[in-house]
Amino acid sequence: MKNIFTKFYFRTITLLTIVMSMAFGVIQYNHYTDLRGDYLSSVQRISQSLSGKFSFFYHNIQNISLNSSLKELDSKASSSYFDSLIALYPSYDVIVLTDVEGNLVAANNIGSGGESLNWNDGDINLSDSVWFQKVNSKNMSEDYSKKIIGAQALDFEMSDSASMLYGRVKHGMHFSAPVRNSNDEIVGYVSSFVNDDWIGRLLNSASKEAFRNKQNNLEAFLVNENNKVMATANTDRKISPMSELPFKVETANFSKNWNEGNWEQGVSSLKTFVEEPFFIISKFRHHNFLNDLGWSLVARVDKETGFAAMWTNTIWFMASLGFVVFISLLLKAGSQRKFNQALAHTWKNAELSLGNPKEKKAAVRVLKSVYRSLETLKDSSDLDLPRPAVKLELVQERELEDTKARLESSMQEQKLWVKELGREHEKFAV
């Protein structure tokens, strides 16, 4: 009985543990998806800020091309106009104007830091520049579905001309557009080189804004389609522009596999989720950005702080489960003790009842009397039933024989039982 009670208890505890674990797993999964969605929304807000700034530089070069001094290819007036733009927008390092042959017409004489730029005396031809060849061949960077039209944007790169002018390595982007006169004829091309400071500053400010209510546990890396780092934010890593990511990006895709019904891949992805850092990747697919550039924002989240709430929930769950098991052990011990006491009391009463000589003697006398009566009945002719006038059928004869056999067997059993009780009585009498 004790073993049955113990088995029932452990089966109940096991079932309760499985149910609680499954319920907790569902709660944790929903919590994880909420946290992940929150991080993803924050990262997308950062990429949206960068896309908006890109859109400004893309359209601003077209606004610059509309200036009257550029339409007239006025070198002096155009240079003065460029200097005023550099002072107004420090992200511009170089702004140049060429004719349709690539000959330099005008350029800024003041740098983004207020320094004086030394353009070499003599004729300068920029027709070999990548930006000039693209814009001259009308190879524009456009997306009609997003209404991004009319300019050419080169991806983030190192500029040889800007590096030569400033005497240090310069990374950034070229934005170029054709210059048209009053007759809508192309008379030249204007190009601006925007340094990488705007990316770094905007990435840092947008990251602080997006995660102002969260712990400082996220590193942000802006990468191009070749996974070359263009800018970083909120990190102590010393990463040069256009260098490789200092880590391998592995995403578990747990939620995606689970929602798509890929159970095996979903389970195997748990290993990646546990062993690898947590990454949020936001592709630049905004309405004001060119998809062809292939930019991505990679956010690396510290799991210990990023998912601190989940770890806290896990600790509370384990503590609660342990408390439930402990309480159930106490209840089990108390219930089993009461059960054993009741069982012992029952056996004790039974022993006392059987151990009373008077009661036992009376029971033996009654049983012996019954036995003698059965013996007398066995030898009596009353058992010999008179045969009917009509011959009994074979089936009736067999039924009579079976009845006699059962009666004799019953009397033998009663005889043995009486003898056994007699022996028990003699033991107690002694």
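The structure this text deals with has already been given above.
Residue numbers run consecutively from 1 along every chain, following the written order of its sequence. Per-residue local features are limited, in this predicted model, to residues with pLDDT of at least 70; the limit for side-chain atom pairs, both in listing and counting, is 80 or more; totals at the level of whole chains, interfaces and linings are taken over all residues. Only hydrogens and water are removed before side-chain values are computed, so all heavy atoms of the structure are retained for them.

Novice: Looking at this structure, how should I read the overall build of the protein?
Specialist: Helix and strand labels come from DSSP, where a helix needs a run of H or I of at least four residues and a strand needs a run of E of at least two; each type is numbered from the N terminus. Secondary structure assignment for the protein yields twelve helices and eleven strands. For the protein, buried positions account for 36% of its 430 residues. Contacts in the protein between residues far apart in sequence, at least 24 positions, make up 62% of those at least 6 positions apart. Accessibility throughout is a Shrake-Rupley quantity obtained with a 1.4 Å probe, and a residue counts as covered only by protein chains that appear here. Accessible area for the protein stands at about 26,300 Å²; split by element, carbon and sulfur atoms hold 55% of it. In this scheme, a residue with accessible area under 20% of its type's maximum is buried, one over 50% is exposed, and one in between is partly exposed, where area comes from a 1.4 Å probe on protein chains only. Throughout, a residue-residue contact means that at least one pair of heavy atoms, one from each residue, lies within 4.5 Å.

Novice: Before we go on, may I ask you to explain the sheet that holds strand β11 (residues 296-301) in this structure?
Specialist: Hydrogen bonds between backbone atoms are what pair the strands of a sheet, whose relative direction is either parallel or antiparallel. Each pair of strands is called paired provided DSSP finds at least two bridges between the two strands. The antiparallel open sheet is built from five strands, whose spatial order is β9-β8-β7-β11-β10. A single partner strand is all that each edge strand has here, and the edge strands are β9 (243-244) and β10 (278-283). Sheet analysis places strand β7 (residues 218-223) next to strand β8 (residues 228-233), joined by four bridges and oriented antiparallel. Within the sheet, the bridge partner assigned to L222 lies in β8 and is A231. Lines fitted to C-alpha atoms define the axes here, with helix axes fitted over just the stretch in contact, and angles between the N-to-C directions of these axes take values from 0 to 180 degrees. Its contacts with the sheet put helix α6 (residues 197-210) on β7, β8 and β11, and the angle it makes with β8 is roughly 45°.

Novice: Sorry, what's going on with the packing of aromatic side chains here?
Specialist: Note on aromatic pairs: each is described by the distance of the centres and the angle between the planes. Any two rings among Phe, Tyr and Trp, with Trp reduced to its six-membered ring, count as a pair given centres within 6.5 Å; such a pair is stacked if its planes are under 30 degrees apart, edge-to-face if over 60, and tilted if neither. Counting across every chain of the model gives 15 aromatic pairs. Between the aromatic rings of Y89 and Y92, the centroid separation amounts to 5.9 Å while the plane-to-plane angle is 85°, which identifies the pairing as edge-to-face. Residue classification places Y89 among the partly exposed positions, given a relative accessible area of 27%. The class of Y92 is buried, set by a relative accessible area of 0%. Ring geometry for F284 and F289: centres 5.0 Å apart, planes at 50°, overall tilted. Each member of the pair, F284 as well as F289, carries the same accessibility label: buried. One aromatic cluster in this structure is built from F54, F56, F57, Y58, Y89, Y92, F175, W198, F284, F289 and W295. We count a charge as sitting over a ring when the NZ of a lysine or the CZ of an arginine lies within 6 Å of the ring centre and within 35 degrees of the ring normal. Between K170 and the ring centre of Y166, over which it is positioned, the NZ or CZ distance is 4.7 Å.

Novice: Even after reading the chapter, I still don't get the side chain of S78, so can you show me in this structure?
Specialist: Mapped onto the elements, S78 comes out in helix α3 (residues 75-88). With sequence-adjacent residues up to four places away left out, S78 is seen in contact with S69, L70, L97 and A106.

Novice: I'm lost on the pairing of strand β5 (residues 171-180) in this one. Help?
Specialist: Two faces, one strand: in a regular strand the side chains alternate between the faces of the sheet. Taken across its ten residues, β5 has nine buried, putting it largely inside the fold. As paired strands, strand β3 (residues 152-153) and β5 are joined by two bridges and run antiparallel to one another. Counterpart to A153 in the pairing with β5 is F175. Sheet topology note: the β5/strand β6 (residues 186-195) ladder contains nine bridges and is antiparallel. In the sheet register, V179 faces β6, and the bridge partner there is G188.

Novice: I tried to follow the nonpolar core on my own but got confused; where do I start?
Specialist: Side chains of nonpolar character tend, in soluble globular proteins, to be buried together. Within this scheme, the nonpolar core is defined by two criteria: the residues are buried Ala, Val, Leu, Ile, Met, Phe, Trp, Tyr or Cys, and they are joined through side-chain atoms within 4.5 Å. Counting 52 residues, the largest nonpolar core has F54, F82, F175, V190, L203, L222 and W295 as its most contacted members. Apart from the residues lying within four places of it in its own chain, the contact partners of F54 are A153, M173, F175, W198, N288, F289, L290 and L293. Core analysis: the next-biggest nonpolar cluster, separate from the first, contains 15 residues, V96, W119, L154 and L165 among them.

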